[in-house]
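# Fold and geometry: a report
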Amino acid sequence: DPNKHVSSFICTITTSVGRKLVATTDNLLLRGSIVRNTNWVYGFVVYTGKDTKIMQNMHKVPAKLSSIERTTNRTLIFVFCMQLVFVVVSVILCSWVKGEGSGSGYGGKSSDTTLPFWFA
């Protein structure tokens with residue numbers, strides 16, 4: 001059965017004439033290996049796709065963040081959220097102040113849109 005341990009591999013191959021050959025890690029070429037200075041090679045495929053030992057050992061690398069980076073990220077998210085809240089509150093208050101006192105400017109009403117001192 002395929003496993004992720006690169007250091008352990010043993011396989012017995014039975015040829016068509018009944019001869020048994022043993023293959024171990026000394027006879028195994030892993031993915032990406034290059035054979036040089038060799039006139040000929042007999043080979044067979046042992047594992048393919050996700051069953052290969054290299055693929056089984058591959059995993060997603062975790063993000064390496066220091067505690068300062070994590071704190072900075074959290075602080076930036078907090079500041080962004082607070083600014084968003086301030087903008088929403090400012091828009092609501094501004095529309096409330098404009099709609100409350102001054103009117104539309106028609107019919108003799110003034111269109112003065114000065115803000116009260118407590119809003120600034």
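Residues numbered from 1 in each chain as written. Predicted model: local features only at pLDDT ≥ 70, side-chain atom pairs only at ≥ 80, totals over all residues. Heavy atoms only, no water.

### Some thoughts on the overall build of the protein
Scanning the protein for helices and strands turns up 2 helices and 2 strands. Counting from the amino terminus, the protein carries its helices and strands in the arrangement β-β-α-α. Considering the protein as a whole, with its 120 residues, one finds that 6% of them fall into the buried category. The long-range fraction of contacts in the protein, counting pairs at least 24 apart against all pairs at least 6 apart in sequence, stands at 38%. Accessible area of the protein: about 10,900 Å², with a carbon and sulfur share of 60%. (Helix = DSSP H or I, 4+ residues; strand = E, 2+ residues; numbered from the N terminus. Buried < 20%, exposed > 50% of the residue type's maximum accessible area, 1.4 Å probe, protein only. Contact = heavy atoms within 4.5 Å. Areas by Shrake-Rupley, 256 points an atom, 1.4 Å probe, with all protein chains shown as cover.)

### Some remarks on a nonpolar patch on the surface
A surface patch of nonpolar side chains, about 400 Å² in accessible area, is lined by Phe80, Leu84, Val88 and Ile92. As for its placement among the helices and strands, Leu84 is situated in helix H2 (residues 67-101). Take Leu84: its relative accessible area is 49%, and that puts it in the partly exposed class. (Patch = residues over 30% accessible without salt bridge, like charges linked within 9 Å, V, L, I, M, F, W, Y side chains within 5 Å. Salt bridge = Lys/Arg side-chain N within 4 Å of Asp/Glu carboxyl O.)

### Section: unusual backbone geometry
Notably, Asn37 is not glycine yet its phi reads approximately 55 degrees, a positive angle. In this structure, Asn37 sits in the loop between strand S2 (20-24) and helix H1 (53-57). Of the residues examined, Asn37 reaches a relative accessible area of 85% and is grouped as exposed.

### Thoughts on the pairing of strand S1 (residues 10-14)
Relative to S2, S1 is paired through 5 bridges, and the arrangement is antiparallel. Across the sheet, residue Ile10 finds its bridge partner in S2, namely Thr24. Between S1 and S2, which follow one another and run antiparallel, lie 5 residues, and Gly18 among them has a positive phi close to 95 degrees. (Pairing = 2+ DSSP bridges.)

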